[in-house]
Amino acid sequence: MEQQKKQLLADMEVLDLEIRRSTVKRPTASTIQQAWSEMLELWGYAAEEERAELMSLVVKDVVVQQKNSVNLHLNPIAGLRSSMFGLTE
């Protein structure tokens, strides 16, 4: 009985950890606006290779639905900080 209790507690700890890892905070509208603003500020200064890198930070996947229709799957940006993008001269 004691062994089963220990195993159950261990299993519960594993499940609690999985739940904490899988829970993602949704970004607020202001977080998204800030991230897009920072990216747009950089866009004019970025070389073609840098623009591709910026887009890969935002767009996770492009799925073609029809000849003239696509769905964009965006990367989560909940962890973005205002210092993620920066200008250097």
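Everything numeric here is computed off the predicted structure, so don't read it as measured data. Counting restarts for each chain: residues are numbered from 1 in the order of the written sequence. Local features in this predicted model are restricted to residues of pLDDT 70 or higher, and side-chain atom pairs are both shown and tallied only at a pLDDT of 80 or more, whereas totals for entire chains, interfaces and linings draw on every residue. Side-chain measures were taken over the full set of non-hydrogen atoms in the model, leaving aside hydrogen atoms and water.

Before going further, it helps to examine the overall build of the protein chain. Helical segments are the DSSP runs of H or I of at least four residues, strand segments are the runs of E of at least two, and each set is numbered from the N terminus. When its secondary structure is counted, the protein chain shows three helices and two strands. Element order for the protein chain, N to C, with α for helix and β for strand: α-α-α-β-β. Throughout, exposure labels follow a simple rule: accessible area from a 1.4 Å probe, protein chains only, divided by the maximum for the residue type, with under 20% read as buried, over 50% as exposed, and the rest as partly exposed. Out of the 89 residues in the protein chain, the part that is buried amounts to 12%. Considering only residue pairs separated by 6 or more positions, the protein chain has 38% of its internal contacts joining residues 24 or more positions apart. Note on areas: these come from Shrake-Rupley sampling with a 1.4 Å probe, and a residue is covered only by the protein chains present in the view. Accessible surface, the protein chain: about 8,000 Å² in total, of which carbon and sulfur atoms supply 54%. Working rule for contacts: check all heavy atoms of both residues, and any pair within 4.5 Å makes them a contact.

Turning our attention to the confidence of the model for the protein chain. When pLDDT is averaged along the protein chain, the result is 76, and 81% of the positions lie at 70 or above. pLDDT measures the predictor's confidence residue by residue and takes values from 0 up to 100. By mean pLDDT, helix α1 (residues 2-22) is the weakest element of the protein chain at 80, and strand β1 (residues 59-66) is the strongest at 87. Scored below 50 in pLDDT, residues 78-89 shows 16 contacts in the model against residues more than four places distant or in partner chains.

Our focus in this paragraph is helix α2 (residues 29-43). A rise of 1.5 Å per residue sets the reference length of α2, with its 15 residues, at 21 Å; its end C-alpha atoms lie 21 Å apart and thus fit the reference within 8%. Every buried residue of α2 is accounted for by A35, E38, M39 and L42. Down the axis of α2, the buried side of the element spans an arc of 95°, and every buried residue falls inside it. Across α2 from its buried face, at more than 90 degrees, point the exposed residues A29, Q33 and L40. Summarising the contacts, the buried residues of α2 are in contact with α3 (48-58). Here, expected helix span is obtained from the residue count minus one, scaled by 1.5 Å. Note that the arc is defined by the directions from the helix axis to the C-beta atoms.

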